[in-house]
Amino acid sequence: MERNRLKEEIENIKMPLAMQERILENCRTAEVNEKENIFMAKNTAADTNRKNAKNRTGKKWPRIATVAAAVALCLGLGGITVMAGSDKLEGFFADVTRWDGAVVGTTYEQATEEITVNAAVSGDCLVVDAVLLKAEEAPYAYIEGFGVQKYHIADAKGDVVAEGISSETVAITDGKVSVALSLDELESGNYTLIITEFVGTAKADQDLPIKGYWECKFEL
Amino acid sequence: MKEKLARPAGDLEQVMDAYGNMLFRLCIVMLGNSADAEDALQETMFKYYRKAPAFTDEEHKKAWLLTVVGNQCKDMLRFRAKHPLAEDTDIYEYKSGDNENSGILDALMALPEKFRLVLILYYVEEYPVKDIARMVGKTPSAVKMRLQKGRKLLEEVYRKEYL
């Protein structure tokens with residue numbers, strides 16, 4: 001095999017100067033924007049501090065009222081914590097922002113308890129069965145295709161032996177999907193599949209990353 | 001609030017001069033089209049400007065840039081798998097020197113991206129296996145396996161098409 005030839009041919013690939021200039025120009029623009037943002041943020045913070053300082057002057061609460069307010073707040077917060085703790089964690093939508101602050105997409109976060117996952121080896125593939133527990137609710141109700149977006153496989157020692165980019169999405173049937181992942185690089189042994197992101201697709205809509213943490217053990 | 005900008009003035013230009021071509025080569029070979037390569041490189045430079053750590057030496061900086069650009073290309077490929085382009089760019093448009101087409105670049109481009117990345121890092125950038133493993137987030141044995149399979153596939157494609 002002509003290994004030197006490969007090196008030589010690849011090293012002959014050069015970036016066009018115009019492209020180089022464009023990239024640097026965009027970075028300079030980002031730098032200026034960032035400086036302006038920092039300047040504005042500093043001014044806003046200084047204004048807020050000034051206003052707060054102004055509001056504080058001349059106001060002295062009687063000690064008893066302060067103690068009463070603190071007790072009421074503690075009791076109130078305690079009640080809220082108990083109420084919140086009794087429920088399960090629920091997923092939520094979050095904006096994806098670009099370096100300049102523009103919103104460029106949406107993700108669905110904290111979906112761990114809304115999807116159950118099982119994995120089993122079939123031939124040279126790992127078949128991941130996912131059940132959408134809230135298939136009738138948003139965002140699952142609007143999704144047509146479903147796939148595993150980010151995953152990795154750890155061996156018995158916990159070392160990552162494979163990580164995935166899976167682009168396959170499959171149709172959802174009765175809130176259930178089966179996605180096959182390739183296992184072509186693994187030797188036999190005990191492994192753990194860790195999924196950190198699924199993806200939901202719908203016609204004419206941007207893909208929705210669905211984030212959480214799912215673990216499945218399997219033997220090869 | 002982050003009040004201090006991460007990089008001194010003129011640093012981006014120096015990085016672009018020193019490593020621009022190397023990063024572009026990796027992007028164009030991984031992605032197969034110049035628009036995506038430019039986007040990946042742009043994102044890498046933004047990340048360098050905003051998030052780069054304090055480097056111990058130039059080698060550390062180079063390895064960091066290669067890791068970031070490799071991950072950026074993977075993200076881009078994931079996006080392209082779902083939103084394919086009509087056609088790819090001819091990589092030979094960006095080749096200088098003698099323009100004789102030996103076919104080895106075409107053979108390389110025909111391989112899956114996971115093989116292209118390790119082959120370039122090993123044969124072109126001449127990194128040892130353990131460094132490549134760190135850059136691509138794999139174990140050294142997985143990298144060795146990829147190199148072995150990649151070499152075999154490259155040889156097969158090259159022999160079949162060009163010899």
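Remember, predicted model here, so these are calculated numbers, not experimental data.

**Student:** Just checking my understanding: could you explain helix α7 (residues 140–162) of chain B for this structure?
**Tutor:** Since the α-helix advances by 3.6 residues per turn, residues separated by three or four positions end up pointing in the same direction. Taking 1.5 Å of rise per residue, 23 residues should cover 33 Å, and α7 of chain B covers 32 Å from first to last C-alpha, within 8% of that figure. Those residues of α7 of chain B that sit buried are Ala-142, Val-143, Arg-146, Leu-147, Gly-150, Leu-154 and Tyr-158 of chain B.

**Student:** Explain unusual backbone geometry here, please?
**Tutor:** Trans is the common state for peptide bonds, and a negative phi is the common state for residues other than glycine. Residue and element names in this part refer to chain A. Residue Ala-138 is joined to Pro-139 through a cis peptide bond whose omega torsion reads 0 degrees. Here Pro-139 lies in the loop between β4 (125–132) and β5 (145–155). Unlike most non-glycine residues, Gln-110 shows phi in positive territory, near 55 degrees. Its place among the elements puts Gln-110 in the loop between β2 (103–109) and β3 (115–122). The class for Gln-110 is partly exposed, based on a relative accessible area of 33%.

**Student:** Any chance you could explain the pattern of salt bridges here in plain terms?
**Tutor:** When charged atoms on two side chains of opposite charge get close, those side chains can pair. Under the criterion given, the structure shown has 17 salt bridges over all chains. Arg-5 of chain A is the salt-bridge partner of Glu-9 of chain A, the closest N and O atoms lying 3.3 Å from each other. Of this pair, Glu-9 of chain A and Arg-5 of chain A both sit in helix α1 (residues 3–11), four residues apart, which is roughly one turn of that helix. With relative accessibility at 2%, the residue Glu-9 of chain A sits in the buried group. Of the residues examined, Arg-5 of chain A reaches a relative accessible area of 21% and is grouped as partly exposed. Here Arg-22 of chain A ties to Glu-38 of chain B by a salt bridge, and the two come within 2.6 Å at their closest N and O atoms. Of this pair, Arg-22 of chain A sits in helix α2 (residues 17–56) while Glu-38 of chain B sits in helix α2 (residues 34–51), placing the two residues on different chains. A relative accessible area of 14% places Glu-38 of chain B in the buried class. Through salt bridges with shared partners, one network takes in Lys-7 and Glu-11 of chain A together with Glu-126 of chain B.

**Student:** Looking at this model, I keep getting lost on the nonpolar core. Mind explaining?
**Tutor:** Side chains that are nonpolar tend, in soluble globular proteins, to be buried together. One finds Phe-24 and Leu-108 of chain B to be the most contacted residues of the largest nonpolar core, which totals 64 residues. Among the elements that make up this core, the one with the highest residue count is helix α1 (residues 11–31) of chain B (13 residues). In this structure, this core is formed jointly by two domains, domain 1 (1–94) and domain 2 (99–163) of chain B, each of which donates at least three residues. In contact with Leu-108 of chain B, not counting residues within four places along its chain, are Leu-6 and Ile-10 of chain A together with Val-29, Arg-116, Leu-119, Ile-120 and Leu-154 of chain B. Residues Ala-111, Ile-143, Tyr-151 and Ala-162 of chain A belong to the second largest nonpolar core, which totals 31 residues.

**Student:** Looking at this structure, I do not really get the pairing of strand β9 (residues 190–201) of chain A. What am I missing?
**Tutor:** Residues and elements named next belong to chain A. Of all twelve residues making up β9, ten are buried, and the element is well covered by its neighbours. By the bridge criterion, ten bridges tie β5 to β9 in an arrangement that is antiparallel. Across the sheet, Lys-150 pairs through a bridge with Glu-197, a residue of β9. Where β9 hands over to strand β10 (residues 208–219), the hairpin turn is made up of six residues, of which Ala-204 adopts a positive phi near 60 degrees.

**Student:** It is not clear to me how the packing of aromatic side chains should be interpreted in this structure. Could you clarify?
**Tutor:** Each pair of aromatic rings is reported with the distance of its centres and the angle of its planes. Residues and elements named next belong to chain A. Counted under the stated rule, the structure contains nine aromatic pairs over all chains. Between Tyr-108 and Tyr-140 the ring centres are 5.8 Å apart and the planes differ by 85 degrees, which places this aromatic pair in the edge-to-face class. Of this pair, Tyr-108 sits in strand β2 while Tyr-140 sits in the loop between β4 and β5; the two residues are 32 residues apart in sequence, bridging distant segments of the chain. We classify Tyr-108 as buried; its relative accessible area is 4%. Given the relative accessible area of 2%, Tyr-140 is considered buried.

**Student:** Is there a simple way to think about the side chain of Glu-38 of chain B in this case?
**Tutor:** Engagement of the side chain of Glu-38 of chain B in a polar contact is seen with the side chain of Arg-22 of chain A, the distance being 2.6 Å. When neighbours within four sequence positions are excluded, Glu-38 of chain B is seen to be in contact with Met-19, Arg-22 and Ile-23 of chain A.

**Student:** Can you help me understand the confidence of the model for chain B in this one?
**Tutor:** Low pLDDT means the predicted coordinates in that region are not meant to be read closely. Residue and element names in this part refer to chain B. Overall, the prediction assigns chain B a mean pLDDT of 84, with 88% of residues at 70 or greater. By mean pLDDT, helix α4 (residues 104–109) is the weakest element of chain B at 86, and helix α6 (residues 129–136) is the strongest at 92. The low-confidence segment residues 1–5, where pLDDT is below 50, has eleven contacts with residues more than four positions distant or belonging to other chains. Across the predicted assembly, pTM comes out at 0.54 and ipTM at 0.80.

**Student:** Help me understand the sheet that holds strand β8 (residues 176–182) of chain A, please; the structure alone is not making it clear to me.
**Tutor:** The strands that make up a sheet are held in pairs by hydrogen bonds between backbone atoms, and each pair lies either parallel or antiparallel. Residue and element names in this part refer to chain A. The sheet built from three strands is open, its strands ordered β3-β4-β8 with antiparallel pairing. Looking at which strands have only one partner, the edges of the open sheet turn out to be β3 and β8. On average, each strand axis in the sheet is inclined to that of its neighbour by 20 degrees, with strand direction left out of account. Bridging between β4 and β8 involves seven bridges; their strand directions are antiparallel. Looking at β8, one finds that Val-128 is bridged to Val-179.

What counts and how
- Residues numbered from 1 in each chain as written.
- Chains lettered and ligands numbered in written order.
- Predicted model: local features only at pLDDT ≥ 70, side-chain atom pairs only at ≥ 80, totals over all residues.
- Heavy atoms only, no water.
- Helix = DSSP H or I, 4+ residues; strand = E, 2+ residues; numbered from the N terminus.
- Expected span 1.5 Å × (residues − 1).
- Buried < 20%, exposed > 50% of the residue type's maximum accessible area, 1.4 Å probe, protein only.
- Salt bridge = Lys/Arg side-chain N within 4 Å of Asp/Glu carboxyl O.
- Core = buried A, V, L, I, M, F, W, Y, C linked by side-chain atoms within 4.5 Å.
- Domains from an automatic or database assignment.
- Contact = heavy atoms within 4.5 Å.
- Pairing = 2+ DSSP bridges.
- Phe/Tyr/Trp six-rings, centres within 6.5 Å; stacked < 30°, edge-to-face > 60°.
- Polar contact = N/O pair within 3.5 Å; in protein donor to acceptor, adjacent residues only side chain to side chain.
- pLDDT = per-residue confidence, 0-100.
- Axes fitted to C-alpha atoms, helices over the stretch in contact; angles between N-to-C directions.

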